[in-house]
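What the coordinates show
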Amino acid sequence: MDERSLVAQLRTEKGKEKARNLRRQGLIPAVVYGQREETIPVTLNPQELFKVMHEGAGERTLINLTIEGLQDGPVTKTVILKEKQIEPLKRTLLHVDLYTITMDEEIHVSIPVHIVGKAQGVELGGVMEQVLREIEIECFPGDIPPRIDIDVSSLDIGDSIHVSDITLEKAKILIDPGQTIVTVVPPVKEEVVEVVEEITEEEAAEEEKEEKAAEEEKEEKTEE
């Protein structure tokens, strides 16, 4: 997997107000951490981060992060995006966690599932349902696949593809092999629901009263 470069600045000021000030300047707060490393608060340019991820493998991009402003001078670490916070309305980045990795240690990462082709069952009127959109795997950082392609062309109505149907050469799949990834289900039939009008006791009594009155009126006319 290709690696991309990014520069971050050491962040010495903390707190919500300081974070707001950073965002007003077009920057975001972030942290860099690892299993055996001290957490380092930093400042990032979100546009540069987006560019790195876009040119790489998205959120699974390996980033050579250079941290400037440290007492002993700049330090470069290989990191991967671990978590992000997004503003729900504007969909802008608010904060990111960057996890330090080493190339000779396996890591856990979620890989997106990409559907390839059009299922023949869909051509016959079936509906394709994608149940899993990501699959968690374990592998060395250099072997992280950008995505997992699933060819659905041969799927007929009632057919499914499961996790057990996937083979990855340099990665171990960590989720239940019996889980369904994608399936083609029969078309939904429209049910005609017969509406039965419910008559309340009061309405029934009123209706009976009217029928009785009509009969009495009929008898009166007959007698006349």
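What counts and what doesn't
Residues numbered from 1 in each chain as written. Predicted model: local features only at pLDDT ≥ 70, side-chain atom pairs only at ≥ 80, totals over all residues. Heavy atoms only, no water. Helix = DSSP H or I, 4+ residues; strand = E, 2+ residues; numbered from the N terminus. Buried < 20%, exposed > 50% of the residue type's maximum accessible area, 1.4 Å probe, protein only. Contact = heavy atoms within 4.5 Å. Areas by Shrake-Rupley, 256 points an atom, 1.4 Å probe, with all protein chains shown as cover. Polar contact = N/O pair within 3.5 Å; in protein donor to acceptor, adjacent residues only side chain to side chain. Pairing = 2+ DSSP bridges. Axes fitted to C-alpha atoms, helices over the stretch in contact; angles between N-to-C directions. 1 Å grid on protein atoms, 1.4 Å probe; cavity = no way out; pocket = protein on both sides within 12 Å on 5 of 7 lines; lining within 4 Å. Points joined across faces, edges and corners; volume = space filled by probe spheres on them. Nonpolar A, V, L, I, M, F, W, Y, C, P; charged D, E, K, R; others polar. Salt bridge = Lys/Arg side-chain N within 4 Å of Asp/Glu carboxyl O. Arc of directions from axis to C-beta.

**With respect to the overall build of the protein chain**
Of the regular secondary structure elements, the protein chain holds 4 helices and 13 strands. Per-residue burial over the protein chain gives 31% buried out of 224 residues. In the protein chain, the share of contacts with a sequence separation of at least 24, taken over all contacts with a separation of at least 6, comes to 64%. As displayed, the protein chain offers around 15,300 Å² of accessible surface, 46% of which is attributable to carbon and sulfur atoms.

**Let's talk about the side chain of Thr-66**
Residue position: Thr-66 is located in strand E4 (residues 62-68). At a separation of 3.0 Å, a polar atom in the side chain of Thr-66 contacts the side chain of Thr-76. Every residue in contact with Thr-66, bar those within four places of it in the chain, is listed here: Leu-6, Val-7, Ala-8, Pro-74, Val-75 and Thr-76.

**Quick look at the sheet that holds strand E3 (residues 37-44)**
Spatial ordering of the closed barrel is given by E1-E3-E2-E6-E5-E4, a layout of 6 strands whose pairing is mixed. The sheet shows a mean angle of 45 degrees between the axes of neighbouring strands, direction not considered. Against the sheet, helix H2 (residues 46-55) engages strand E1 (3-10), strand E2 (28-34), E3, E4, strand E5 (75-86) and strand E6 (93-100), with an angle of about 165 degrees to E1.

**So, the sheet that holds strand E10 (residues 148-151)**
In space, the 4 strands of this open sheet follow the order E10-E7-E9-E12, with mixed pairing throughout. Edge positions in the sheet fall to E10 and strand E12 (172-173), since each of these pairs with one other strand and no more.

**Some words on the layout of surface pockets**
Of the pockets and cavities examined, the largest pocket occupies roughly 560 Å³. Every residue lining the largest pocket is counted, 23 residues in all, and those nearest its centre are Ile-80, Lys-82, Tyr-99, Ile-107 and His-108. Those elements that place two or more of their residues in the lining of the largest pocket are E5, E6, strand E7 (107-116) and strand E9 (134-139). A class-by-class count of the residues in the lining of the largest pocket yields 6 nonpolar, 6 polar and 11 charged. Looking at the second largest pocket, its volume works out to about 160 Å³. Looking at the second largest pocket, the residues that line it are Arg-23, Gly-26, Leu-27, Ile-28, Pro-46, Gln-47, Phe-50, Glu-87, Arg-91, Thr-92, Leu-93 and Leu-94. Of all elements in the fold, only H2 and E6 reach the threshold of two or more residues within the lining of the second largest pocket. In terms of residue count, the dominant contributor to the lining of the second largest pocket is H2 (3 residues). Looking at the lining of the second largest pocket, its residues break down into 6 nonpolar, 3 polar and 3 charged.

**Thoughts on the pattern of salt bridges**
Throughout the structure, instances matching the rule amount to 9 salt bridges. Residues Glu-59 and Lys-84 are paired through a salt bridge, measuring 2.3 Å at the closest nitrogen-oxygen approach. Here Glu-59, found in the loop between H2 and E4, pairs with Lys-84, found in strand E5; they are 25 residues apart in sequence, far enough to count as distant. Residues Asp-149 and Arg-147 are paired through a salt bridge, measuring 3.0 Å at the closest nitrogen-oxygen approach. Each of Glu-17, Arg-20 and Arg-24 takes part in salt bridges that share partners, so that together they form one network.

**Comments concerning H2**
Residues of H2 that are buried include every one of Pro-46, Leu-49, Val-52 and Met-53, and no others. The buried residues of H2 occupy an angular sector of 120 degrees when the element is viewed end-on, so they sit on one face. Residues Gln-47 and His-54 are exposed on H2 and point more than 90 degrees away from its buried face. Here the buried face of H2 lies against E1, E2, E3, E4, E5 and E6.

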